[in-house]
Each structure stands twice: as structure tokens, then as C-alpha cells.
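Now for the letters of each chain:
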Amino acid sequence: DQQVKQNSPSLSVQEGRISILNCDYTNSMFDYFLWYKKYPAEGPTFLISISSIKDKNEDGRFTVFLNKSAKHLSLHIVPSQPGDSAVYFCAASRGGVYSSNTGKLIFGQGTTLQVKP
Amino acid sequence: KAGVTQTPRYLIKTRGQQVTLSCSPISGHRSVSWYQQTPGQGLQFLFEYFSETQRNKGNFPGRFSGRQFSNSRSEMNVSTLELGDSALYLCASSSVGGRYDLNYGYTFGSGTRLTVV
């Protein structure tokens, strides 16, 4: 039972254009969502997160949008650069006041982004 | 400040053996989580430690265990290795492993690549 899904295994965009990476989830108890970037032979690098009480969060070229009714989030990268080429993971966390989910992130399968010069 | 340090980077073991992996979190971070990454299953949560106590555990067999020391360094151990244990093992550190930390993401190390032959 995959609770976080990234249905597009790969995405190719031209340098300077917008990259849109998508993620769907099934568990309505998730209250934080994160995006990570990963290069081969390295650990994931945190990009941006969003709390379930918000619908948008921006950090420089990166914007995450959350649509709770559709259980969908997306990461927008504008403008895309060749150095953005990597695998992008969406992750979710289920917290709560009496959380027993400390330190636990549930990851999607990842989307490989290629930005062409 | 120094990042999350995992040792060794690469390891080759034989089926039936046991292995110990080490993770030194960012200075001041007290929560350490462990993840397994495989091509088939993606990134999966193993367990989380805080103040030398395991607070959270994923769905892995008892052959996978861990511990945390008073300086927050953590080790994970896999006994009776199987071919399917071949994976990239990642640890992540955060201040306390709670929801507040999710605004900044958990910081991952570069991982230990374990190959079981």
C-alpha cells in the first residue's frame, strides 16, 4: 500500500522553462509534506516543505502547492537549470499532538528530472 | 558546521554475516533516523532514536536493530545478512525529530552502500 505516489518516473524540460513535479497521497492524516533532491551516490538534500494548513510555500526558484481536497501536491521550479537535473522525492509525515511518528518520512518513488541546456 | 557523517561509505559482506553501520549527526541534533533505499522498494523508514531510546520503528524484521549513544551518534546492525539486504542505508538527523524540524527538513548523510554476496 503506497501512501505517497509519484506517478511520473521521469520528466525532461528545457533550460529556463518551468519544471512541474507531481505527487499524490492517500493518507489524510499527513500534516507535513517535503521535497528532496537526490544525486547518485549522495543522500537526499532538503528543498522545501509545506504544512497541511497552507496551500503554497515559496523559497527562491522553488514553490510547492498543496491541494488537500485532491490529496495532491506539486513542486514548481522556475526557471529550471541544468544543475537541477536529479531525482526528486516527495515525502510526507504524519504528526499530531500524540505523535508516534517522530523522525519518520514516507517517500514516493521519485521522479528523475532532466534539464536540457 | 559539519553535516551528517556515515561510515563506511561502501561495504561488501557475505550472506549470513552481520554488519554494523555508523552515523554521526549534526552537532546538537539529538534525533537520528535510518532509512533503506532499494530500487524496488524505494526509501523506507527503519527506525528513529532520540536520547538513546528508540521512539519509532518501521516494518522491518528483527534482524535490523540499532542503538544511540550519549553523544547522539547512532549505529545500526543487520544480522544474518540476506541478498535482499543489499541497499543504500541512509541516516538523517534533526534537532528533536518532531514536526517543528519538518520546516527545515531532516538532514541526510551520503549513505552506506551495502552489497551482500
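Scope of this entry: the structure provided in the associated data block. Just so it is clear, the model here is predicted, and its values are computed rather than measured. (Residues numbered from 1 in each chain as written. Chains lettered and ligands numbered in written order. Predicted model: local features only at pLDDT ≥ 70, side-chain atom pairs only at ≥ 80, totals over all residues. Heavy atoms only, no water.)

### Considering the interface of chain B and chain A
On the chain A side, the residues contacting the 24 residues of chain B number 23 residues. Interface of chain B and chain A: buried area, both sides summed, is about 2,000 Å²; carbon and sulfur atoms make up 53% of it. Of all residues in chain B, the largest losses of buried area upon contact with chain A belong to Leu43, Arg99 and Leu102 of chain B, amounting jointly to 30% of the total for that side. Counting across the interface, chain B meets chain A through zero salt bridges. (Contact = heavy atoms within 4.5 Å. Buried area = accessible area lost by both parts, 1.4 Å probe. Salt bridge = Lys/Arg side-chain N within 4 Å of Asp/Glu carboxyl O.)

### Some thoughts on the sheet that holds strand S7 (residues 64-68) of chain B
Residue and element names in this part refer to chain B. Here four strands make up an open sheet; going across it, the order is S1-S3-S8-S7 and the pairing antiparallel. The sheet is open, and its two borders are formed by strand S1 (5-7) and S7, each paired with just one other strand. The average angle at which neighbouring strand axes cross in this sheet is 20°, direction not considered. As paired strands, S1 and strand S3 (residues 19-24) are joined by three bridges and run antiparallel to one another. Bridging across to S3, threonine 5 finds its partner in serine 24. (Pairing = 2+ DSSP bridges. Helix = DSSP H or I, 4+ residues; strand = E, 2+ residues; numbered from the N terminus. Axes fitted to C-alpha atoms, helices over the stretch in contact; angles between N-to-C directions.)

### Overview of the state of the cysteines
Enumeration according to the criterion identifies two disulfides over all chains in this entry. With its sulfur 2.1 Å from that of its partner, cysteine 23 of chain A forms a disulfide with cysteine 90 of chain A. As the torsion about the S-S bond is roughly -70°, the cysteine 23 of chain A-cysteine 90 of chain A disulfide counts as left-handed. Of this pair, cysteine 23 of chain A sits in strand S3 (residues 19-25) while cysteine 90 of chain A sits in strand S9 (residues 86-93), placing them 67 residues apart in sequence. Taken individually, cysteine 23 of chain A and cysteine 90 of chain A each receive the classification buried, so the pair is uniform in this respect. At a sulfur-sulfur separation of 1.8 Å, the disulfide partner of cysteine 23 of chain B is cysteine 91 of chain B. Given an S-S torsion of about 70°, the disulfide between cysteine 23 of chain B and cysteine 91 of chain B has right-handed geometry. Taken as a pair, cysteine 23 of chain B in strand S3 and cysteine 91 of chain B in strand S9 (residues 87-94) lie far apart in primary sequence, 68 residues in all. (Disulfide = S-S within 2.5 Å. Buried < 20%, exposed > 50% of the residue type's maximum accessible area, 1.4 Å probe, protein only.)

### Looking at the pairing of strand S8 (residues 72-77) of chain A
All names here are of chain A. Burial runs high along S8: five of the six residues are buried. By the bridge criterion, six bridges tie S3 to S8 in an arrangement that is antiparallel. In the strand pairing of S8, isoleucine 20 is matched with histidine 76. With six bridges joining them, strand S7 (residues 62-67) and S8 adopt antiparallel strand pairing. For leucine 66, the partnering residue across the bridge sits in S8 and is leucine 73. With antiparallel pairing between neighbouring strands as the criterion, S7 and S8 make up a hairpin whose turn holds four residues, including lysine 71 at a positive phi of roughly 50°.

### Some points on the pattern of salt bridges
Residues and elements named next belong to chain B. Under the defined criterion, the tally for this structure stands at seven salt bridges over all chains. For the salt bridge of arginine 63 with glutamate 82, the shortest nitrogen-to-oxygen distance reads 3.6 Å. Residue arginine 63 is found in the loop between strand S6 (53-57) and S7, and its partner glutamate 82 is found in the loop between strand S8 (74-78) and S9; the two are separated by 19 residues along the sequence. Given the relative accessible area of 16%, arginine 63 is considered buried. Among the ionic pairs, arginine 73 bridges to glutamate 75, the shortest N-O distance being 3.3 Å. Here the salt bridges share partners, and the residues they tie into one network are Arg63, Glu82 and Asp85.

Structural measurements only, silent on function.
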